[in-house]
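Each chain, letter by letter, is given below.
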Amino acid sequence: MATSDKQKHKHYKSSKFKSEPQLGPEELINRYRSGQTHAVTLLHQLAQTLQFHLEIKETVTTPKTSGLYFAFCVLVDGIQYKTGMGTTKKAARLKAAELALKDLLPKLDIEKADSPKVSAVPPFQLVKEESAHSEIQSLGLLQRKRPANLQIPNAVRDHLTSLMDSHPQFSASNTSVAAFVMQTSTKYDVVAIGTGNYCTDDGTPTNGRIVHDSHAVVTARRSLMRFLYQHLLMFFSQTTQLVEKSVFQRNGNDLLSFKTGTTLHLYVNQVPQGAAQMTSTLSLNPLSISAWQMNSEMSLRVSVEGKMFSLFSTALEHRSTNMVTVSAADKITQWQVLGYQGALLSHFIEPLYVDTILVGDLGGGDARGMEVTVNQRTEGITAQLPMFYCMIRPQIRTVPSVADGSPKNSPVTYGFNWSEGDCSIEVVDGLTGKTIQESPFKSGPALASRLCKAAMLHRFRLVAKEAQRQDLLAASSYREAKRAAKPYQEAKNVLRVYLREQGFGSWPDKLKRVRPEVDGDDANPKENRQDVLHGGFEGLL
């Protein structure tokens, strides 16, 4: 099917697909492989047949490229593939399409996808939804009906069971669970787990030694960062065996990326707190929802003294504490634009995004709110973002929960963290932000968690030293090192302006009303060194 140059820049949604019967994906792919059609055409045909979101986006050439070249990249459901370059735009688009298909085709499950063909009735009309609902909502409901990959929750369940068998006294802490799973061509590996459902309201300066947010997905993400630091040390070690075991590779520029064929998935055993818990009947269609309702339901949320508030709530102004914590759902929205690696790791690696978010069916497990919160609030932002950053649209599915979510006796305030390579779990009290005395792992007598900012800064400096990055070693604090990540900071500013302009609110500071001169962002480097020398952060990596 021929497609004009202008059409190649459009976002293809289900409502724009023609109704004529189409060939199945297996036949389309065979035609491409036999040379009967080219890569750009195949991508658009697959987007129509398999109902995925396709964009071919002009970008910038990779560093150290000499001469006049154009550059394009392909995004499939928000997942960005390698950049293609050429001396003309047409050649660059074709190269980008070929690179995308090289990675995409092996992942397609032809047997499942080939059975339904596009008919005169669009597939999403079979779903019993109100006609006023938006096109994107209908497509999201269609996507949820596709079978989810149960290997991921099964891997999480097996690993969680193994950890709890070793530490049964902390089994009550796994009521809220999140995990990151890394997929390669041969296996699924659980690389980070976090549990917990609390955050501290203490705004006292701590020099980065208190974990303020101990919700499961935040804990799992910081555990993932520990995993990434470990593999960066392996990569920069210059030891052949360790470099080969590392998950990273050089990708033609100064930043590392995951090895080809490696993808990341996020599992949460229940819908995260925040706008993702919106009622499933809402949509963003202006004919079916008032502006007031949309602002209320879809706005940024914060946790204050254990309760969740919309930024537009008048009750928020009457709270006594200075400390607010952005909701887990809003943080996931941010990570799907800025990457899960954070500012410090962005000095070394390209942004890392998850391909799939699997939501446990605990309490009904309606993933509709996640689809709207993560996939729709920031749609259209990609063109404004700096190189390597984009708005990623993960596939969101409901799957069986790996934990029942019910504390055995009374609710507990602690949760645990673990990442690949750890000998034992670390148990942190969410209300104090410190490791508990009974924790199987303790970094030292001060009970600072291995997930705190001071510990992260220590890892950052270890990697900077191994990578021979003297410019990064010169950073005197955690905050200064973050601010030095210019592309990341630019992307973050774009995101926050975009959210505000779309009417979802202004991203709040952690300390909403009073910010002390010294806060958790500033970790004294001399204190870090002394902590390490005296066992304060032993076993960090």
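The residue numbering used here restarts from 1 in each chain and proceeds along that chain's sequence as written. Only residues with pLDDT of 70 or above have their local features reported here, since the model is predicted, and side-chain atom pairs are shown and tallied only from 80 upward, although totals for entire chains, interfaces and linings are computed over all residues. Excluding hydrogens and water, the side-chain values take into account all heavy atoms of the structure.

Under the DSSP-based scheme used, a helix requires at least four consecutive residues in state H or I and a strand at least two consecutive residues in state E, with every element numbered from the N terminus. By the secondary structure assignment, A328 is in helix α10 (residues 328-338). When a residue's accessible area, from a 1.4 Å probe over protein chains only, is under 20% of the maximum for its type it is buried; when over 50% it is exposed; and in between it is partly exposed. Looking at A328, the relative accessible area reads 8%, which means it is buried. For A328 and V217, which are 111 residues apart along the polypeptide, the C-alpha to C-alpha distance reads 6.9 Å. Note on definitions: a residue-residue contact is assigned when non-hydrogen atoms from the two residues lie within 4.5 Å. Setting aside residues no more than four positions away along its own chain, A328 makes contact with V217, P272 and Q273.

The residue V337 is located in helix α10 in this model. With 41 residues separating them in the primary sequence, V337 and T378 have C-alpha atoms 8.1 Å apart. If near-sequence neighbours (up to four positions away) are discounted, V337 is found in contact with Y353, T378, L385, Y389, C390, M391 and L495.

Every residue is assigned a pLDDT by the predictor, reflecting its confidence on a scale from 0 to 100. Looking at the protein chain as a whole, its pLDDT mean stands at 77, while 72% of the residues score no less than 70. Confidence over residues 1-21 falls short of pLDDT 50; this stretch has 45 contacts with residues more than four positions distant or in other chains. The low-confidence segment residues 283-291 (pLDDT under 50) makes 18 contacts with residues lying over four places distant or belonging to another chain.

We treat two strands as partners when DSSP finds at least two bridges between them. Taking strand neighbours across the sheet as the criterion, the eight strands line up as β14-β13-β9-β5-β6-β15-β16-β17 in an open arrangement whose pairing is mixed. Each edge of the open sheet carries a strand with a single partner, namely β14 (395-399) and β17 (434-435). The sheet contact formed by strand β15 (residues 414-419) and strand β16 (residues 426-429) spans four bridges and is antiparallel. Counterpart to G415 in the pairing with β16 is V428.

Looking now at the packing of helix α2 (residues 39-50) against helix α3 (residues 89-104). Running from N to C, α2 and α3 cross one another at 55°; their axes reach a closest spacing of 8 Å. Here α2 is positioned oblique relative to α3, judged by the angle of their axes. Our pair here, α2 against α3, has a crossing hand that is left-handed. Residues A39, V40, L42, L43 and L46 of α2 form the contact with α3, whose own contacting residues are R93, L94, A97, E98, L101 and L104. Helix axes use the C-alpha atoms of the stretch in contact, all axes being lines fitted to C-alpha atoms, and the angles between their N-to-C directions lie in the range 0 to 180 degrees. Working definition: roughly parallel below 35 degrees, roughly antiparallel above 145 degrees, roughly perpendicular at 65 to 115 degrees, and oblique for all remaining angles. Crossing handedness: left-handed means the near helix sits turned counterclockwise from the far one by under a right angle, and right-handed means the same turn made clockwise.

Read across the sheet, three strands follow the order β11-β10-β12 without closing on themselves; strand pairing throughout is antiparallel. Edge positions in the open sheet fall to β11 (307-310) and β12 (325-326), since each of these has one partner strand only.

A word on the packing of α10 against helix α16 (residues 486-501). Running from N to C, α10 and α16 cross one another at 130°; their axes reach a closest spacing of 10 Å. Relative to α16, α10 is oriented oblique. Two packed elements cross with a definite hand, and for α10 against α16 that hand is right-handed. Contacts from Q334, V337 and L338 in α10 reach Y488, A491, K492, L495 and R496 in α16. Gly is put with the polar residues, along with every residue not named as nonpolar or charged; the nonpolar set is Ala, Val, Leu, Ile, Met, Phe, Trp, Tyr, Cys and Pro, and the charged set is Asp, Glu, Lys and Arg. Per-class residue counts for the contact of α10 with α16 are five nonpolar, one polar and two charged.

With that out of the way, let us pick up unusual backbone geometry. Non-glycine residue Q238 carries a positive phi angle of around 65°. Counting through the fold element by element, Q238 comes out in the loop between α7 (216-236) and α8 (240-245). Q238 sits in the exposed class, given a relative accessible area of 70%. A positive phi angle is found at Q468, which is not glycine, with a value near 60°. As for its position among the elements, Q468 is in the loop between α13 (453-466) and α14 (470-473). Note on Q468: relative accessible area 62%, which makes it exposed.

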